[in-house]
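The primary structure of each chain is shown beneath.
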Amino acid sequence: MRVACIGEAMVELSVDFAAPDRARVGFAGDVLNTAIYLKRSAPALDVDFVTRLGRDEFSTRMRDFVAAEGVGTGAVETDAERRPGLYAITTDAAGERSFTYWREMSAARRMFETGKGADLSVLRSYDVIYLSGITLAILPERTRQDLYDFLGVFRRDGGRVAFDSNYRPILWPDADTARGAIGRMWRICDFALPSADDEMALCGDADTAAVMARLRGSGVRDGALKQGAGGPVSLGASVAQDYAPAPRVIDTTAAGDSFNGGYLGARLSGADQAAALGEGHALAARVVGVKGAILPRAQKADAP
């Protein structure tokens, strides 16, 4: 099975202002994080990262980083004029993170663009496509519309689509635009992977029950609603099970992304809904126990 994960990867600068000389440089992005955890969780799947990078040293090192994780880079486009975006991340004593971005001129914002419009043909060879609200937000409106049209045909022909709304207000011109774009994706995805906090912030839902009712009204029939430490709620088959809290929380970066990777890895490998929810939650619980978006290889996703 071939899975395309479409999104933006950035240079990650992790800063501890108590010891600024210890800042670390890495590579991350919501969809890339999920691609890595998906591949670690389900090694038999062919997982590709689909994005656009530059010809600079950071882009080269980013490609190498992605490839070293076993994630394919054959569909990564090259832009001679642009480079990856950059973000700095800081965390407070409770592990909550804050971000500062420099991404307006990132190469990924011109993903799929040609002199004659968007070319999405590279996606035709995949069985599953995963993307997020951040993917939608960085694309030009015309490319976004072309992507919707493509995904409709892709599903008609037997492909499946997974989507996490991952709402970031700063990336959208206004909330109405975001609601329209994300709402359309709920109607055309097979696996919905929203976070309750994001959905309530975007649509003003009063609680989790209201979020679920709205999503089901939008046509969502499968997936998981993430609630952080509270554990996920099934958006598909009825599941009643408890989820152990994380033993410790140091950094919540990529908690939702890793859940998505663990959950999709299980589902696409044949696991039922209950098992997939458990895999996603257990993986996220490990991820929040370390600094940064990606677990060190010694703590890879399939570790006990």
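Check the entry above for the structure.
What you are looking at is a predicted structure, and each value in this text was computed from that prediction instead of being measured.

Asks: Just checking my understanding: could you explain the overall build of the chain for this structure?
Replies: A count of helices and strands for the chain gives 9 helices and 15 strands. Taking 2.2 N^0.38 as the reference for a compact globule, 304 residues should give roughly 19 Å; the C-alpha atoms of the chain span a radius of gyration of 18 Å, in line with that estimate. When the 304 residues of the chain are sorted by exposure, 53% land in the buried category. A total accessible area of about 13,200 Å² is found for the chain, and carbon and sulfur atoms account for 51% of it. When the 36 basic and 40 acidic side-chain charges of the chain are each reduced to a single mean position, those positions are 3 Å apart.

Asks: Is there a simple way to explain the pairing of strand S4 (residues 46-50) in this structure?
Replies: Consecutive side chains along a regular strand alternate between the two faces of the sheet. By the criterion of burial, S4 is predominantly enclosed, with 4 of the 5 residues buried. Strand direction decides the pairing type here: strand S1 (residues 2-6) and S4, joined by 5 bridges, are parallel. What sits directly across from Cys-5, in S4, is Phe-49.

Asks: I would appreciate a short explanation of the pattern of salt bridges in the present structure.
Replies: For side chains of opposite charge, pairing can occur when their charged atoms come near one another. In this structure the tally under the stated criterion is 19 salt bridges. The closest approach of N and O atoms between Arg-168 and Asp-198, which form a salt bridge, is 3.7 Å. A residue pair is termed long-range when its members are at least 10 positions apart, and Arg-168 in the loop between strand S12 (160-164) and helix H5 (175-188) and Asp-198 in helix H6 (residues 196-203) qualify at 30 residues. We note a salt bridge from Arg-179 to Asp-176, for which the minimum N-O separation is 2.4 Å. Pair noted here: Arg-179 and Asp-176 are both in helix H5, with a separation of 3 residues, about one helical turn.

Asks: Honestly, helix H7 (residues 208-217) in this entry has me stumped. Any pointers?
Replies: The periodicity of an α-helix, 3.6 residues per turn, causes residues three or four positions apart to be oriented the same way. Buried within H7 are the following residues: Thr-208, Val-211, Met-212 and Leu-215. All buried residues of H7 project into a common sector of 95 degrees when viewed along the axis, lining one side. In H7, the exposed positions angled more than 90 degrees off the buried face are occupied by Ala-209, Ala-213 and Gly-217. Check the buried side of H7 and you find it contacts H5, H6, strand S14 (224-225) and strand S15 (233-234).

Asks: Hey, could you run me through the sheet that holds S12 in this one?
Replies: The strands that make up a sheet are held in pairs by hydrogen bonds between backbone atoms, and each pair lies either parallel or antiparallel. Strand order in the open sheet formed by 5 strands is S4-S1-S11-S12-S13, and the pairing between neighbours is parallel. Two strands in the sheet have a free side with no partner beyond their single neighbour: S4 and strand S13 (191-192).

Asks: Would you mind going over the packing of aromatic side chains with me for this structure?
Replies: The geometry of an aromatic ring pair comes down to the distance between the two centres and the angle between the two planes. All told, the structure shown has 5 aromatic pairs when counted by the stated rule. For the pair Tyr-87 and Tyr-101, a centre-to-centre distance of 5.8 Å together with 35 degrees between the ring planes defines the contact as tilted. One end of the pair, Tyr-87, is in strand S7 (residues 85-91); the other, Tyr-101, is in strand S8 (residues 97-102), with 14 residues separating them in the sequence. Between the NZ or CZ atom of Arg-2 and the centre of the ring of Tyr-126, over which it lies, the distance is 4.3 Å.

Asks: I would appreciate a short explanation of empty space enclosed by the protein in the present structure.
Replies: Over the atoms rolls a probe the size of a water molecule, and in doing so it shows where empty space is left. If you walk through the whole model with that rule in mind, you get 1 cavity of 30 Å³ or more. Taken as a whole, the largest cavity spans an internal volume of roughly 30 Å³. Taken together, Ala-9, Phe-49, Thr-51, Leu-53, Met-62, Arg-63, Val-66, Thr-73 and Val-76 form the lining of the largest cavity. In terms of residues, the lining of the largest cavity owes the most to one element, helix H2 (residues 57-68), which gives 3 residues.

Asks: Would you mind going over the environment of Arg-168 with me for this structure?
Replies: For Arg-168, a relative accessible area of 24% translates into the label partly exposed. For the pair Arg-168 and Ile-134, spaced 34 residues apart in sequence, the C-alpha separation works out to 7.0 Å.

Asks: For this particular structure, what's the right way to read the side chain of Lys-39?
Replies: For Lys-39, the location among the structural elements is in helix H1 (residues 30-41). The buried charged residue Lys-39 lacks any salt bridge partner; its closest oppositely charged side chain belongs to Asp-46, at an N-O distance of 4.7 Å. At 2.8 Å, the side chain of Lys-39 and the backbone oxygen of Pro-43 are in polar contact. For Lys-39, the residues in contact, after removing those within four places along its chain, are Leu-45, Val-47, Glu-69, Gly-70 and Val-71.

Asks: Quick question: what am I supposed to make of unusual backbone geometry here?
Replies: The phi dihedral of Asn-166 falls on the positive side, at around 35 degrees, and the residue is not glycine. Note on placement: Asn-166 falls in the loop between S12 and H5. Even without a glycine there, the phi angle at Ala-254 is positive, about 70 degrees. Mapped onto the elements of the fold, Ala-254 is located in the loop between S15 and helix H8 (255-268).

Thresholds applied
Residues numbered from 1 in each chain as written. Predicted model: local features only at pLDDT ≥ 70, side-chain atom pairs only at ≥ 80, totals over all residues. Heavy atoms only, no water. Helix = DSSP H or I, 4+ residues; strand = E, 2+ residues; numbered from the N terminus. Rg over C-alpha atoms; globule rule 2.2 N^0.38 Å. Buried < 20%, exposed > 50% of the residue type's maximum accessible area, 1.4 Å probe, protein only. Areas by Shrake-Rupley, 256 points an atom, 1.4 Å probe, with all protein chains shown as cover. Lys, Arg positive; Asp, Glu negative; His and termini not counted. Charge placed at Lys NZ, Arg CZ, Asp CG, Glu CD. Pairing = 2+ DSSP bridges. Salt bridge = Lys/Arg side-chain N within 4 Å of Asp/Glu carboxyl O. Arc of directions from axis to C-beta. Contact = heavy atoms within 4.5 Å. Phe/Tyr/Trp six-rings, centres within 6.5 Å; stacked < 30°, edge-to-face > 60°. Lys NZ or Arg CZ within 6 Å of the ring centre and 35° of its normal. 1 Å grid on protein atoms, 1.4 Å probe; cavity = no way out; pocket = protein on both sides within 12 Å on 5 of 7 lines; lining within 4 Å. Points joined across faces, edges and corners; volume = space filled by probe spheres on them. Polar contact = N/O pair within 3.5 Å; in protein donor to acceptor, adjacent residues only side chain to side chain.

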